[in-house]
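Chain residues, written in single-letter form:
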Amino acid sequence: MPKSLLWTRIDTAGAEHALVDDGQGLTAHGTQLAADPVPYTCRYRLVTDPQWVSVRLEVEVEGAGWRRSVRLERATQRWRVTASEQGDLDAVLAAGGRAPAGLPGVEDPDRLADALDLDLGGSPLFNTLPLRRLGLAAAPADTSHRLSVAWVLLPSLTVLPAEQVYTALGPQRFRYASGSFAAEIDVDADGYVLKYPGLAERAAAR
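The structure presented is a predicted model; accordingly, all values stated were derived computationally and were not measured.

(A) Molecular detail of empty space enclosed by the protein. What the rule picks out here adds up to one cavity of 30 Å³ or more. In terms of lining residues, the largest cavity is bounded by Leu131, Leu136, Ala137, Gly170, Gln172, Arg173, Phe174 and Val187. The class makeup of the residues in the lining of the largest cavity is five nonpolar, two polar and one charged.

Next comes the structure, spelled out in C-alpha cells:
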C-alpha cells in the first residue's frame, strides 16, 4: 500500500503532501505549498533504484506570472539536467523587495557527478533517501556519513552540489548538518520525518 504523508511547515506558512511507494526503493510524487519568498506551488516526482540511489526527479514550480521546471536524470554515472522558465520570477521577487533567484538548472552537470542523493529545498521527504540507502536509522549511535548531494533550491529550481553530514543518534533520530546549519531530526520506523526543528512536522489525522 502506498503511504500518504503530510507535513506542515514551521518556517513559513505552507505544507507538503507526498504519496510514496517504498516496496522496491522509492517512487513518490508530492505537492508543496509555501508563502516565502513569494507564494508558490511545487509539484514533484521522484524515483530511486531498489538500493535507494536517486535516479530521477521532475519538479514544477508555479506562482503568479511565472512557472519553472527542472528534470534531473542519472544515467551512466552522470546527471542530465534540463530546465525551463516561463514568465519572470526575478521580477516578482524584486517587486516584493527580495533578492533575485537566478536561473533554474545547473550550468555544469558534471559538478553533480558524485551525488547519489537528491535534496529538494523545504521537503522533509528527501531526508529519507540517505537514511534508507545507508541503513542509518538502525546504525549504532555516532555512525556518521558525509554525502555529496544534488540540492534543488526552491522556488528558483537552481541545482547546486552540496555536502551534507548525517549522524545516527539512536533509534529513529539523527543529526543533519550542512555548512553552519544543523538539526536533530526525529523519524518513524520507516525513516520518514516526524519532526524537523525549524522546518516541518508530520501532521496526524484528528
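(B) Just the pattern of salt bridges, in detail. For the structure on display, the rule yields 17 salt bridges. Between Arg175 and Glu184 there is a salt bridge, with its nearest N and O atoms 3.3 Å apart. A residue is classified by how much of its surface remains accessible, and Arg175, at 30% relative accessible area, is partly exposed. Given a relative accessible area of 33%, Glu184 falls into the partly exposed group. Members of the salt-bridge network, linked through shared partners, are Arg56, Glu58, Arg71, Glu73 and Arg80.

Cut-offs used in this document
- Per-chain numbering applies: the sequence of each chain, read as written, is numbered from 1 onward.
- In keeping with the model being predicted, local features are shown solely for residues with a pLDDT of at least 70 and side-chain atom pairs are shown and tallied solely at 80 or more, while totals for entire chains, interfaces and linings include all residues.
- By convention in this description, side-chain values take in all heavy atoms of the structure and omit both hydrogens and water.
- In this analysis, the protein atoms alone were mapped onto a 1 Å grid. Cavities are point sets where a 1.4 Å probe fits without being able to get out; pockets are open sets with protein on both sides within 12 Å along at least five of seven lines; lining residues have an atom within 4 Å of a point.
- Grid points are joined across faces, edges and corners, and a volume is the space filled by probe spheres set on the points.
- Side-chain classes are defined by residue name, with Ala, Val, Leu, Ile, Met, Phe, Trp, Tyr, Cys and Pro counting as nonpolar, Asp, Glu, Lys and Arg as charged, and the others, Gly among them, as polar.
- We count a salt bridge whenever a side-chain nitrogen from Lys or Arg sits within 4 Å of a carboxyl oxygen from Asp or Glu.
- The rule is simple: take the accessible area with a 1.4 Å probe, protein chains only, and divide by the maximum for that residue type; under 20% is buried, over 50% is exposed, in between is partly exposed.

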